[in-house]
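Spelled out, the chains give:
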Amino acid sequence: MQFKMEGVNLKKQNNGLLIKSDKPLYIFANRENYDFQFNTEFDNHYLNQKGIDTVILEEDGITVISTVEIINNKYFTNLSLLFDIDLDNLTMVNLFKIAIESICSTFWDRGALNKNELDNYVGNYYNTIFVACRGKSEKALPFDVSLYFQVKDLIYRAITKNLNQLS
């Protein structure tokens, strides 16, 4: 799998996707040991069903990688956001928040909602989200609402493509 972010490669590994960088990326995720850490690789996008593809969208130094599948009548979403710039912690938290809101609003718009109560039968990892960038900005970045709208739009388009695969 190829995409444009220089020095970063995607490689299928087992039933997932390994995102590997020549230089450490600064990462924030809702997975253990990825709380504002530098790392040269992370794995995400595990697929258990055949015929489902990972969707990759890129625009202006932003890459959105997404997978969605249904297991036991529940939607599982894996989302990785890669930024070809340095970001500060607050911006990364806001981007993580935008990712959650975008997943929710896209599923709501498409009527793709888990119909049953949450339970632990298949675990409670319904959404795995990674936000990764080139490095940590040492100064706070100004709030740029256009960045958040652009990320929201890319996530919406990627997840819509994922959901179309499930139809």
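Scroll up for the structure.
In this text, all values refer to a predicted model and were calculated from it rather than measured experimentally. (Residues numbered from 1 in each chain as written. Predicted model: local features only at pLDDT ≥ 70, side-chain atom pairs only at ≥ 80, totals over all residues. Heavy atoms only, no water.)

**Student:** How should the overall build of the protein be read in this particular structure?
**Tutor:** Per the secondary structure count, the protein includes two helices and seven strands. For the protein, the N- to C-terminal ordering of α and β elements is β-β-β-β-β-β-α-β-α. With the C-alpha coordinates of the protein rotated into their principal frame, the extents come out at 45 × 35 × 30 Å. Here the protein holds 167 residues, and the buried ones make up 45% of them. A total of about 9300 Å² of accessible surface is found on the protein, and carbon and sulfur atoms cover 50% of it. Averaged over its 17 positive side-chain charges, the protein has a centre that lies 4 Å from the centre of its 21 negative ones. (Helix = DSSP H or I, 4+ residues; strand = E, 2+ residues; numbered from the N terminus. Buried < 20%, exposed > 50% of the residue type's maximum accessible area, 1.4 Å probe, protein only. Areas by Shrake-Rupley, 256 points an atom, 1.4 Å probe, with all protein chains shown as cover. Lys, Arg positive; Asp, Glu negative; His and termini not counted. Charge placed at Lys NZ, Arg CZ, Asp CG, Glu CD.)

**Student:** Any chance you could explain the environment of G51 here in plain terms?
**Tutor:** Summarising the element assignment, G51 is placed in the loop between β3 (35-44) and β4 (55-59). Residue G51 is classed as exposed on the basis of its relative accessible area of 68%. In this structure, the C-alpha to C-alpha distance between G51 and K139, residues 88 residues apart in sequence, is 44 Å.

**Student:** In this structure, what is going on with the nonpolar core? I would like to understand it.
**Tutor:** Soluble globular proteins: nonpolar side chains tend toward being buried together. One finds L79, L81, F83, L95, F107, V151 and I155 to be the most contacted residues of the largest nonpolar core, which totals 31 residues. No other element matches helix α2 (residues 145-166), which puts eight residues into this core. In contact with V151, other than residues within four places in its own chain, are I62, L81, F83, L95 and I98. Among the nonpolar cores identified, the runner-up in size contains 15 residues, and I19, L25, A29 and F130 belong to it. (Core = buried A, V, L, I, M, F, W, Y, C linked by side-chain atoms within 4.5 Å. Contact = heavy atoms within 4.5 Å.)

**Student:** Could you clarify how one ought to interpret the packing of aromatic side chains in this entry?
**Tutor:** Here a ring pair, both rings aromatic, is described through the centre-centre distance and the interplanar angle of the planes. Under the defined criterion, the tally for this structure stands at seven aromatic pairs. Taking the centre distance of 5.2 Å and the plane angle of 65° together, the rings of F28 and F96 count as edge-to-face. Of this pair, F28 sits in strand β2 (residues 16-29) while F96 sits in helix α1 (residues 89-110); the two residues are 68 residues apart in sequence, bridging distant segments of the chain. Ring geometry for Y34 versus F130: centroids 5.1 Å apart, planes at 75°, classification edge-to-face. In this pair, Y34 is assigned in the loop between β2 and β3 and F130 in strand β7 (residues 127-136), connecting sequence segments 96 residues apart. Relative accessible area serves as the criterion here: at 11%, Y34 is assigned to the buried category. For F130, a relative accessible area of 0% corresponds to the buried category. (Phe/Tyr/Trp six-rings, centres within 6.5 Å; stacked < 30°, edge-to-face > 60°.)

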